[in-house]
Amino acid sequence: MRRLDIIVVIAILILSGGFYLVNDLINNEKYDYNFAKITVDGKIYKTIELIDDNYYEKIVIQKKAYKNVIEIKGKTVRMLESNCRDKVCIKMGMIDEPGEIIVCLPNKIVIEIVGNQKRDIDGLAY
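Residues numbered from 1 in each chain as written. Predicted model: local features only at pLDDT ≥ 70, side-chain atom pairs only at ≥ 80, totals over all residues. Heavy atoms only, no water.

### What to know about the pattern of salt bridges
Turning to step 1, where the next piece is worked out: Tallied over the entire structure, the rule returns four salt bridges.
Turning to step 2, where the next piece is worked out: Close ionic contact of Lys 46 with Glu 57 constitutes a salt bridge, the shortest N to O distance being 2.7 Å. Of this pair, Lys 46 sits in strand β2 (residues 43–50) while Glu 57 sits in strand β3 (residues 56–62); the two residues are eleven residues apart in sequence, bridging distant segments of the chain. (Salt bridge = Lys/Arg side-chain N within 4 Å of Asp/Glu carboxyl O. Helix = DSSP H or I, 4+ residues; strand = E, 2+ residues; numbered from the N terminus.)

Structure follows, in structure tokens:
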């Protein structure tokens, strides 16, 4: 590599890192608390507030051909058991941040963390 090539590569890396940091600062949303939204066959099955560190619940979803067990421990959620073939939903582990999702495609179950955004006074409300 020539000297100019190295300078161009370093400049591109610095610019991309800068864009990443600016994007992270702009899109850093804060939430009062989070929800776990469980969807089965495209319909909302249950919504749980994730506000208590001591909360514990196991949710069993059983239909004719499938069985899933969802574990809610404190402010985290995971798929504890599933009778699907590949078990990708179990391997996804615990989720606790808004935007994180666990999907069991064969059994059509989706667990999504959704944040309740803080309400600040804006120019229109003032």
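### Some remarks on the nonpolar core
Inside soluble globular proteins, nonpolar side chains tend to come together where they are buried.
Turning to step 1, where the next piece is worked out: In terms of nonpolar packing, the biggest core is built from 20 residues, with Ile 38, Ile 61, Ile 70, Val 77, Met 79 and Ile 111 touching the most fellow members.
Turning to step 2, where the next piece is worked out: Only β1 (31–40), β2, β3, β4 (67–73), β5 (76–82), β6 (101–104) and β7 (109–117) provide two or more residues apiece to this core. (Core = buried A, V, L, I, M, F, W, Y, C linked by side-chain atoms within 4.5 Å. Buried < 20%, exposed > 50% of the residue type's maximum accessible area, 1.4 Å probe, protein only.)

### Thoughts on a nonpolar patch on the surface
Turning to step 1, where the next piece is worked out: Nonpolar side chains collect at one region of the surface, where Leu 4, Ile 7, Val 8 and Ile 12 lie side by side and expose about 380 Å² of accessible area between them.
Turning to step 2, where the next piece is worked out: Mapped onto the elements, Ile 7 comes out in helix α1 (residues 3–26). (Patch = residues over 30% accessible without salt bridge, like charges linked within 9 Å, V, L, I, M, F, W, Y side chains within 5 Å. Areas by Shrake-Rupley, 256 points an atom, 1.4 Å probe, with all protein chains shown as cover.)

### Remarks on the pairing of β4
Turning to step 1, where the next piece is worked out: Counting buried residues in β4 gives five out of seven residues, a clear majority hidden from the surface.
Turning to step 2, where the next piece is worked out: Judged from the seven bridges that link them, β3 and β4 form a sheet pairing that is antiparallel. Considered in β4, the bridge of Val 60 is made with Val 69.
Turning to step 3, where the next piece is worked out: Hairpin geometry of β3 and β4 is characterised by an intervening segment of four residues between the two adjacent antiparallel strands.
Turning to step 4, where the next piece is worked out: Connecting the antiparallel pair β4 and β5 is a turn made up of two residues, with Gly 74 showing a positive phi of about 65°. (Pairing = 2+ DSSP bridges.)

### Here's the deal with the side chain of Thr 76
Turning to step 1, where the next piece is worked out: Within the fold, Thr 76 resides in strand β5.
Turning to step 2, where the next piece is worked out: A distance of 2.7 Å separates a polar side-chain atom of Thr 76 from the backbone oxygen of Lys 73.
Turning to step 3, where the next piece is worked out: Aside from chain neighbours lying at most four places away, what touches Thr 76 is Glu 71, Met 94, Ile 95 and Asp 96. (Polar contact = N/O pair within 3.5 Å; in protein donor to acceptor, adjacent residues only side chain to side chain. Contact = heavy atoms within 4.5 Å.)

### Side note on the side chain of Ser 82
Turning to step 1, where the next piece is worked out: For Ser 82, the position within the fold is in strand β5.
Turning to step 2, where the next piece is worked out: Since its relative accessible area comes to 8%, Ser 82 is described here as buried.
Turning to step 3, where the next piece is worked out: One polar contact links Ser 82 to Asn 107, side chain to side chain, over a distance of 3.5 Å.
Turning to step 4, where the next piece is worked out: The residues contacting Ser 82, other than those within four sequence positions of it, are Lys 67, Asn 68, Lys 87, Cys 89, Ile 90, Cys 104 and Asn 107.

### Digging into the state of the cysteines
Turning to step 1, where the next piece is worked out: In total, this model carries zero disulfides according to the counting rule given.
Turning to step 2, where the next piece is worked out: No disulfide involves Cys 89; its nearest neighbouring cysteine sulfur is the one of Cys 104, lying 3.8 Å away.
Turning to step 3, where the next piece is worked out: With no disulfide of its own, Cys 104 lies 3.7 Å from the sulfur of Cys 84, the closest cysteine sulfur.
Turning to step 4, where the next piece is worked out: Judged by its relative accessible area of 1%, Cys 104 is buried. (Disulfide = S-S within 2.5 Å.)

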